[in-house]
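Below, each chain spelled out in residue letters.
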Amino acid sequence: MAAISQSDHSQSDHSQSDYSEAGRPETGGPLDASVRVDLYRMMVLIRTYEERIRQEYHADKTPGFDIGAGKIPGEMHLAAGQEPVAAGVCPHLRPSDALTATHRPHHLAIAHGVDLAKMTAEIFGRQGGLGHGRGGHMHLFDPAVHFSCSGIVAEGLPPALGQAFAFRHRGTDSVAVAVTGEGGANQGAFHESLNLASLWRLPVVFVIEDNEWGISVSRRASTSVEDNSLRAAANAMPGVRIEDNDVEAVYRAARTAVERARAGHGPSLIEVHTLRLWGHFEGDPQTYRPDLATVEERDPIPSYRRLLVEAGVLDEAGVERIAEEAATKVERAVEFALASPEPDPSTATAYAFE
Amino acid sequence: MTVVEEPAAKASPPPPRRLTMAKAMVEGIAAEMERDPSVFYMGEDVGAYGGIFSSTTGLLERFGPERVRDTPISETAFMGLATGAAVEGMRPIVELMFADFFGVCMDQIYNHMAKIHFESGGNVKVPVVLTSAVGGGYSDGAQHSQCLWGTFAHLPGMKVVIPSTPADAKGLMISAIRDDNPVIYLFHKGAMGLAWMAKTRRALGDVPSESYETPIGKAAVARPGRDVTVVTVSLSVHYALDVADELASEGIDVEVLDLRSLVPLDRDAIVESVSRTGRLVVVDEDYRSFGMSAEVMATVAERDPSLLTVAPVRVAVPDVPIPYARALEQAVLPTPERIRAAVRQVMG
Ligand SMILES: Cc1ncc(C[n+]2csc(CCOP(=O)(O)OP(=O)(O)O)c2C)c(N)n1
Ligand SMILES: [Mg+2]
C-alpha cells in the first residue's frame, strides 16, 4: 500500500473548519475487483494512446528532427507515467462535471470521456477535430464533458472556479477539477485560486501532478516546500499527498474530495507524486535528469498489473483482452483523424468571433 | 530543446566567424558578464538546459549558478525581482520563455519596470534586459506563436529591439545590457538557427569576435533597391530578402529595410527610403491592426504623404489568433508568397 502523508496543518478555528477531517485520506478495505480492473483498463488505454501518438509524431520528422514537420507538428507533451492521476480521479466524475487540464492533457481528456476520435483529429490538425484544427494538442475543448486545457502554466485553474461557481448558481451538485503540475504550484494563479475557491466554498478539487520536473527544473530547485499539499492548509482546505504514484490511493483521495465538493463543503487539494516517464516534450534530450536510469522500473502500469494478477483479480487472458481493446479504440481514433480533411486555408480567419 | 547539437563554433578563430543567431546572442551576453559583474541572467530552464531556444547555452558552465539562475515558474515574482535588482544597481537579464507568457507578469513589466524611471522624475534607473522568444511557423498554436512586439512598443517606457542577423543579435545584446533603460530583446525562434527547427540560411552569419554595440534605434538597409521599400523586422527580413532576390530576376529592385528596433523607431530611415522608391510594403508577423504596420505607414503619412506614388500595402497576421493546423497557420503568417504578392501589387 502506498505511503500517504497527511499534511493537514489546520490550527485555526476557521468557520469552515470541517476541512481537517474531510481531508484525511480513507484507507479502508480493498477496492472492488471491478473497480480495480477499470483503473487498470483506463491506464492501459491512456498508455496505448500516448505510445501511438508518440509513434505518429516521430514517424515523419526525419531526417533530423524538424518540430514543425510531419502529420503532427508542434510541441508534444505526453503523459506516460502519469496515468494513475487521470485513472484515479476521473471515475468519480460525471460528464456534467468540469475538468481543466494543462499543456499535458491527453490522459485527463481520455479518462474524463472526451471524444477520442475528435480529440485525435484535433491533434492531427484536421477539420474534424474538436476545434477544427485551430487549437492543437494543448488546446482541447469538449463542452460535452466540460473539458478544457491551457498551454499557460497554472492558468487553467481560475476558469475551473468559474465553472464551479456556475454549477452552484444553477443549483446542481456538479464539481470542477482543476489540474496543474507541481511547477505550476509556484504561479500566482495557483495561490489566488486556492484562496478564492476556499473563501467562496466553491465545489473545486485541485489536483497537482508532481512528476518532480518542470521541464529541466526539479521540484527541489523550484519549490520552497517539500510537499505542495502543505499549501492547502494556508488556504483553509484539506490537502493530501499521495506517494508512489498509487492509482488506488488516488482513487480513494479523489472520492473523498469530490464527495466533499458535491456536498457543498468546499474545495480540497490532492497532490500525487507521479512520474514523467518520457521527456518534457518529444525531442527533449533529458540530459539534465539524473534519475533517468531508474525511470523504466518506476513505470506504474507493469507494477499494477502484477499486483492485480497476484491478487487474482486479473488473469493473463484478461490482461490480453484489455490490451487488445485499447489497441482497437486507439486504432479507430487514429483512422478517424487521418480520414478527416485538412482545414481549408481560406477559412483561416474563421471562429475569431461568434 | 536541443535535439541535435548545432555545429559547434570553435573557440575564437580569427574574425569574423559564421555563427548562428543563438550563438551570437550568447556571445554578447557572455562578453558583458565577463566585463561587468553586476550582470546576471535568470529565467526558466536557462541553467542546465541552456535555454529552450539555446539563448543561454554554456553560460551556466562558464559563470556558475549564482549568475545564471533557473527560476520557479513564477514570472511575476522574478520579473519584479529583476526590476528591484536593477533599481539597486545590478544589470539583470531576465528571460520570459515565450513572449506569449507576458500575460502572467505584465504588471511588473509595464506598470513597474517601464514606469519607475518616469514616475521618479528620472531619479531611479531600471537597466533590465527582458529577453523573450517570439514567432510562429511550426504549429505551436495560439499561445506559443505570437510576436506581440507591437504591444510592448505601444506601452511607453521600454525600448524594443529585435535582431534578424547574428551580428545584430550580438551587438544589440551588448547595447541592451549597457543601456540604462528597460530593453525588451525579442528573438525569433525560426531565426535562431536551431537544429530542430526549419532553417533559414540567413540565421547563420558573420559575427566579429570582439565586443561591439549595434546602436538601438537605427534601422539597417538589409538590401538596397530602387523600386519598392519593404519595411520589416525579425524573421520576415529573411523572407523579404529571399523575395527580393527572386524578383530581381524579373527586373524589380526591392529595398529591404530591417527596423531592428521598434522603440525608438528610425522614422528618418523609413521616410528616406520611401522618398527614393515611392512604394511601400510593410511586413509584420504581429497582428495587423493597431500595430507596427500602421505605425510605419503613419510615419510616412505624417511626414509627407506625397512621397507615396501608390497606396501602401501591409502583410501581417489578420486579426485572429494563430491557428494550429499547418495550412491555416501558413495562411495567416507573412509568408514569402504573401510578400511577393504585395510587392507585385504596389508595382502595379
Ligand atoms: C506561464 C508560463 N510559463 C512558462 C511556460 C513554459 N512551460 C511549459 S510547461 C512548463 C513546465 C511545467 O511544469 P509542471 O507544472 O510541473 O508540469 P509538467 O510539465 O511537469 O507536467 C513550462 C515552464 C508556460 N507554458 N506558461
Ligand atoms: Mg512537473
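Residues numbered from 1 in each chain as written. Chains lettered and ligands numbered in written order. Predicted model: local features only at pLDDT ≥ 70, side-chain atom pairs only at ≥ 80, totals over all residues. Heavy atoms only, no water.

1. Here's the deal with the domain arrangement of chain B
All names here are of chain B. Per the domain assignment, the segments of chain B are domain 1 (17–207) and domain 2 (220–347). For domain 1 versus domain 2, the distance between C-alpha centres works out to 25 Å. Taken together, the contact between domain 1 and domain 2 spans 31 residues of the former and 27 residues of the latter. Overall, the association of domain 1 and domain 2 removes approximately 2300 Å² of surface from exposure, summing both partners, and the carbon and sulfur fraction of that is 54%. On the domain 1 side of the interface with domain 2, the three residues burying the most area are Ser139, Trp149 and Arg202, jointly 26% of the side's total. At the junction of domain 1 and domain 2, the tally comes to 5 salt bridges. Notably, a salt bridge pairs Asp245 with Arg201, separated by 3.7 Å at the nearest N-O pair. In this structure, the connection of domain 1 to domain 2 is made through 21 residue pairs in polar contact (both at pLDDT 80 or more). (Domains from an automatic or database assignment. Contact = heavy atoms within 4.5 Å. Buried area = accessible area lost by both parts, 1.4 Å probe. Salt bridge = Lys/Arg side-chain N within 4 Å of Asp/Glu carboxyl O. Polar contact = N/O pair within 3.5 Å; in protein donor to acceptor, adjacent residues only side chain to side chain.)

2. Quick word on the packing of helix α8 (residues 235–248) of chain B against helix α12 (residues 336–347) of chain B
Residue and element names in this part refer to chain B. One way to put it is that α8 packs onto α12 with a least axis distance of 9 Å and a crossing angle of 55°. Classified by the angle their axes make, α8 and α12 are oblique. Two packed elements cross with a definite hand, and for α8 against α12 that hand is right-handed. Contacts between α8 and α12 pair Ser236, Tyr239, Ala240, Val243, Glu246 and Leu247 from the former with Pro336, Ile339, Arg340, Val343 and Arg344 from the latter. Residues of the contact of α8 with α12, tallied by class, amount to 7 nonpolar, 1 polar and 3 charged. (Axes fitted to C-alpha atoms, helices over the stretch in contact; angles between N-to-C directions. Helix = DSSP H or I, 4+ residues; strand = E, 2+ residues; numbered from the N terminus. Parallel < 35°, antiparallel > 145°, perpendicular 65-115°, else oblique. Left-handed = near helix turned anticlockwise from the far one by under 90°. Nonpolar A, V, L, I, M, F, W, Y, C, P; charged D, E, K, R; others polar.)

3. Focus: empty space enclosed by the protein
Taken as a whole and assessed by the stated rule, the structure comprises 4 cavities of 30 Å³ or more. Computed from the structure, the largest cavity encloses a volume of approximately 520 Å³. Every residue lining the largest cavity is counted, 45 residues in all, and those nearest its centre are His103, Val153, Ile215 and His280 of chain A together with Ile73 of chain B. Each residue belonging to the lining of the largest cavity can be placed in one class, and the counts come to 20 nonpolar, 16 polar and 9 charged. (1 Å grid on protein atoms, 1.4 Å probe; cavity = no way out; pocket = protein on both sides within 12 Å on 5 of 7 lines; lining within 4 Å. Points joined across faces, edges and corners; volume = space filled by probe spheres on them.)

4. Some remarks on the sheet that holds strand β9 (residues 220–223) of chain B
Residues and elements named next belong to chain B. Read across the sheet, 5 strands follow the order β9-β11-β10-β13-β14 without closing on themselves; strand pairing throughout is mixed. A strand with exactly one partner marks an edge of an open sheet, and here the two such strands are β9 and β14 (313–317). For this sheet, the mean angle separating the axes of adjacent strands, direction not counted, is 25°. In this sheet, strand β11 (residues 254–258) lies alongside β9 in antiparallel orientation, the contact comprising 3 bridges. Note on β11: the bridge partner recorded for Arg223 is Val256. Most of the contacts of helix α9 (residues 267–277) go to strand β10 (residues 228–232), to which it runs at about 155°, and overall it touches β10, β11 and β13 (280–287). (Pairing = 2+ DSSP bridges.)

5. Structural notes on a negative patch on the surface
Taken together, the side chains of Asp315, Glu316, Glu320 and Glu324 of chain A present a region of like negative charge at the surface. If you trace the backbone, Asp315 of chain A turns up in the loop between α11 (300–310) and α12 (316–339). (Patch = residues over 30% accessible without salt bridge, like charges linked within 9 Å, V, L, I, M, F, W, Y side chains within 5 Å. Areas by Shrake-Rupley, 256 points an atom, 1.4 Å probe, with all protein chains shown as cover. Lys, Arg positive; Asp, Glu negative; His and termini not counted. Charge placed at Lys NZ, Arg CZ, Asp CG, Glu CD.)

6. Describing the coordination of the magnesium ion (ligand 2)
Residues and elements named next belong to chain A. Taken together, Glu182 (OE), Asn211 (OD1) and Trp213 (O) make up the full set of protein donors to the magnesium ion (ligand 2), lying 2.1 to 2.2 Å away. Mapped onto the sequence, the donors of the magnesium ion (ligand 2) take the spacing E-x28-N-x1-W. Of this pair, Glu182 sits in the loop between β4 (176–181) and α7 (188–199) while Asn211 sits in the loop between β5 (204–210) and β6 (213–214), and the two are 29 residues apart along the sequence. (Donors = N, O, S within 2.8 Å, 3.2 Å for Na, K, Ca; no water.)

7. A closer look at the site of ligand 1
Lining the immediate surroundings of ligand 1 are 22 residues, of which His103, Gly151, Asn211 and Trp213 of chain A together with Glu75 of chain B lie closest. More than one chain lines the surroundings of ligand 1; the residues nearby belong to chains A and B. Between ligand 1 and the protein, one listed contact pairs a nitrogen atom with a side-chain N or O atom of Glu75 of chain B at 2.5 Å. Contact with the protein chains hides 98% of the accessible area of ligand 1, taken as 580 Å² for the molecule alone. Assessed atom by atom at 2 Å from the grid points, ligand 1 resides in the largest cavity. The residue makeup of the shell around ligand 1, split by class, is 8 nonpolar, 10 polar and 4 charged. (Near = heavy atom within 4 Å. Sits in = over half its atoms within 2 Å of the grid points.)

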